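Close look at the chain arrangement
The primary structure of each chain is shown beneath.
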Amino acid sequence: MNFYQVHYTDPGKLKKRFGLQHELESRYDLQYPINIEREYKRLGSDLQLDFDKWAEAFIVDAITALHSGNPIPELPVYSPQIDIEARMAALSALLTRFSIRQWRLAVKRTLGIDINIDYYKSMLAIYMREWALEQEELVRQKIEEIREELNTVLCEEPEINDAGAPELIPIVETADKTRSSTNTAISFFAVNAVGVAYSDIIEQLCRDAEVGKYKWITRPYASKAGTRPDHAKLHGTKHKWDTPPVINLKTGETGNPGDDYNCHCIASPIFPNPFLAGAILSNITASVERRLRRR
Ligand SMILES: [Zn+2]
């Protein structure tokens, strides 16, 4: 059962929609899942608060020990009070729902077909579960890295000043800087993970519906930092999922919208006419079109 067999109940109506056109551009502009990106970033700030609480107590202990010339206590294991697994599962569910809803709107407005949302749930389930696990792993690894870095900073032998006392201020400053990098690191993941996953999901939904082409849309989804000039140039151009355009003129790197870091560009589906299969029919239609135009 392919996409059309499952979803369209009225071929006559669909045929009329396409007429003699080979393809139809989406009549709905897919939106970038900016709220989901924000939600992911919120996890970063929540984890920062949690990590701060844990780290601050330890930094105080360590500095007190250094001050009195005692060995610094061993850095304890940090287990977040935030359920990262549940948060990632929620994010992945949000992203799945959002993407399917966007796709549904594009199909509805363009083809007039009301698709059954349940059709997609199992299709995306494995991908989204893997995505959530991968993100959870990334976040945990990052926090552990920061914890270890903090340990290194605090274990460093302090310099002794002219008065013969240990110089503790530089250590406190470095430790503070290290512990407060949690939020920034997770924001970095958020920006990358949501854009890439969204682009991948849309590509999967498109391929399932035999939509091999898309139109590159840059504005108005650009991030605050602005659109990369190389992406702005692609706005409105048409591409195939299989042969992505060059997204970085300097490196020659190619990609689909969302593949680049912090890329908020969107792939707008171009629906092929399902009644025109293969080149022969396309050629016939083209000559019919030409004839029509001559009239
Ligand atoms: Zn972009």
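Throughout this document, residue positions are counted from 1 along each chain, in the order its sequence is written. Reporting of local features is limited, given that this is a predicted model, to residues whose pLDDT is at least 70; pairs of side-chain atoms are given and counted only at 80 or more, and all residues count toward the totals for whole chains, interfaces and linings.

Focus: the overall build of the protein chain
Of regular secondary structure, the protein chain possesses nine helices and six strands. Atoms counted for the radius of gyration: C-alpha only. Globule rule: 2.2 Å times the number of residues to the power 0.38. Compactness check: the protein chain gives a C-alpha radius of gyration of 27 Å against a globular reference of 19 Å for 295 residues, more than 25% above the reference. Burial statistics for the protein chain: of 295 residues in total, 28% are counted as buried. Note on contacts: each residue gets a C-beta atom placed from the backbone, and two residues are in contact if those atoms are within 7 Å. Expressed as a percentage of contacts within the protein chain between residues at least 6 apart in sequence, the contacts between residues at least 24 apart total 75%. Per the convention used, a helix needs a DSSP run of H or I reaching at least four residues, while a strand needs a run of E reaching at least two, with both numbered from the N terminus. Counting other C-beta atoms within 10 Å of its own, a residue is labelled buried from 20 upward, exposed at 12 or fewer, and partly exposed in the gap between, with every C-beta atom placed from the backbone.

Notes on the sheet that holds strand β6 (residues 266-272)
Strand order in this open sheet of four strands is β1-β6-β2-β3, and the pairing throughout is antiparallel. Every other strand in the sheet has two partners, leaving β1 (23-25) and β3 (238-240) as the edge strands with one partner each. For this sheet, the mean inter-axis angle between neighbouring strands, taken without regard to orientation, is 35 degrees. Two strands pair under a simple rule: DSSP has to find at least two bridges between them. Sheet analysis places β1 next to β6, joined by three bridges and oriented antiparallel. Across the sheet, residue E25 finds its bridge partner in β6, namely I270. For helices, the fitted line uses only the C-alpha atoms of the stretch in contact; every axis is such a line through C-alpha atoms, and the angle between N-to-C directions lies from 0 to 180 degrees.

Brief notes about helix α3 (residues 34-67)
With 34 residues, α3 extends 47 Å from end C-alpha to end C-alpha; this agrees with the ideal 50 Å at 1.5 Å per step. Where α3 is concerned, the buried positions are I36, E37, Y40, L43, L47, Q48, F51, A55, F58, I59, A62 and L66. Tucked into the core, α3 has its buried residues touching α4 (84-111), α5 (118-155), α6 (169-179) and α7 (182-208). Once α3 finishes, G69 follows within two positions and takes phi at roughly 75 degrees, a positive value. Any helix carries an expected span of 1.5 Å times its number of residues minus one.

Some details on the confidence of the model for the protein chain
As a per-residue quantity, pLDDT reports the predictor's confidence and falls between 0 and 100. Taken as a whole, the protein chain shows an average pLDDT of 88; of its residues, 90% reach a score of 70 or greater. Predicted confidence in the protein chain is weakest over helix α9 (residues 278-294), with a mean pLDDT of 54, and strongest over β3, with 97.

Focus: α4
Counted at 1.5 Å a residue, the expected span for α4 with its 28 residues is 40 Å, and the 40 Å between its end C-alpha atoms agrees. Positive backbone phi, at 75 degrees, marks G112, one or two positions downstream of α4.

Focus: unusual backbone geometry
One non-glycine residue, E210, lies in the positive phi region at around 60 degrees. Of note, the phi angle at N262 is positive, near 60 degrees, even though the residue is not glycine. A residue is classified by how many C-beta atoms lie within 10 Å of it, and N262, with 14 of them, is partly exposed.

Here's the deal with the packing of α4 against α7
At a closest axis distance of 10 Å, the pairing of α4 and α7 adopts a crossing angle of 45 degrees. Considered as vectors, α4 and α7 are oriented oblique to each other. Like other packed secondary-structure pairs, α4 and α7 cross with a definite hand, here right-handed. In this structure, α4 uses L95, S99 and W103 to contact α7, whose residues at the interface are V194, A197, Y198, I201, I202 and L205. Any angle that is under 35 degrees is reported as roughly parallel, and any over 145 degrees as roughly antiparallel; angles of 65 to 115 degrees are reported as roughly perpendicular and all others as oblique. By definition, turning the near helix anticlockwise from the far helix through less than a right angle yields a left-handed crossing, and turning it clockwise yields a right-handed one.

Things to note about the pairing of β6
The buried fraction of β6 amounts to six of the seven residues, a majority that puts the element mostly inside the structure. For strand β2 (residues 213-217) and β6, the ladder comprises five bridges, and the chain directions are antiparallel. Within the sheet, the bridge partner assigned to K215 lies in β6 and is S268.

Re the packing of α5 against α7
Closest axis-to-axis distance for the α5/α7 pair is 11 Å, and the angle between their directions is 165 degrees. As summarised for this structure, α5 and α7 are arranged roughly antiparallel, according to the angle between their axes. Between α5 and α7 lies a crossing of right-handed hand. Between α5 and α7, the residues in contact are Y120, M123, L124, W131, Q135, L138, V139, K142, I143 and I146 and T182, A185, I186, F189, A193, A197, I201, Q204, L205 and D208, respectively.

Digging into the nonpolar core
With 56 residues, the main nonpolar core has Y40, V194, A197, I202 and L205 as its most contacted residues. Residue assignment for this core shows that the elements contributing at least two residues are α3, α4, α5, α6, α7, β2 and β6. Contact partners of Y40, with chain neighbours within four places excluded, come to L91, A190, A193 and V194. Only buried Ala, Val, Leu, Ile, Met, Phe, Trp, Tyr and Cys residues enter a nonpolar core, and they are joined through C-beta atoms within 7 Å.

What about the environment of N248?
Within the element layout of this structure, N248 appears in strand β4 (residues 246-248). The class of N248 is partly exposed, set by 13 C-beta atoms lying within 10 Å. N248 has contacts with D230 and E253, leaving out every residue within four places of it along the chain.

Points about the pairing of β2
With three bridges joining them, β2 and β3 adopt antiparallel strand pairing. Of the residues in β3, the one forming a bridge with K215 is K238.

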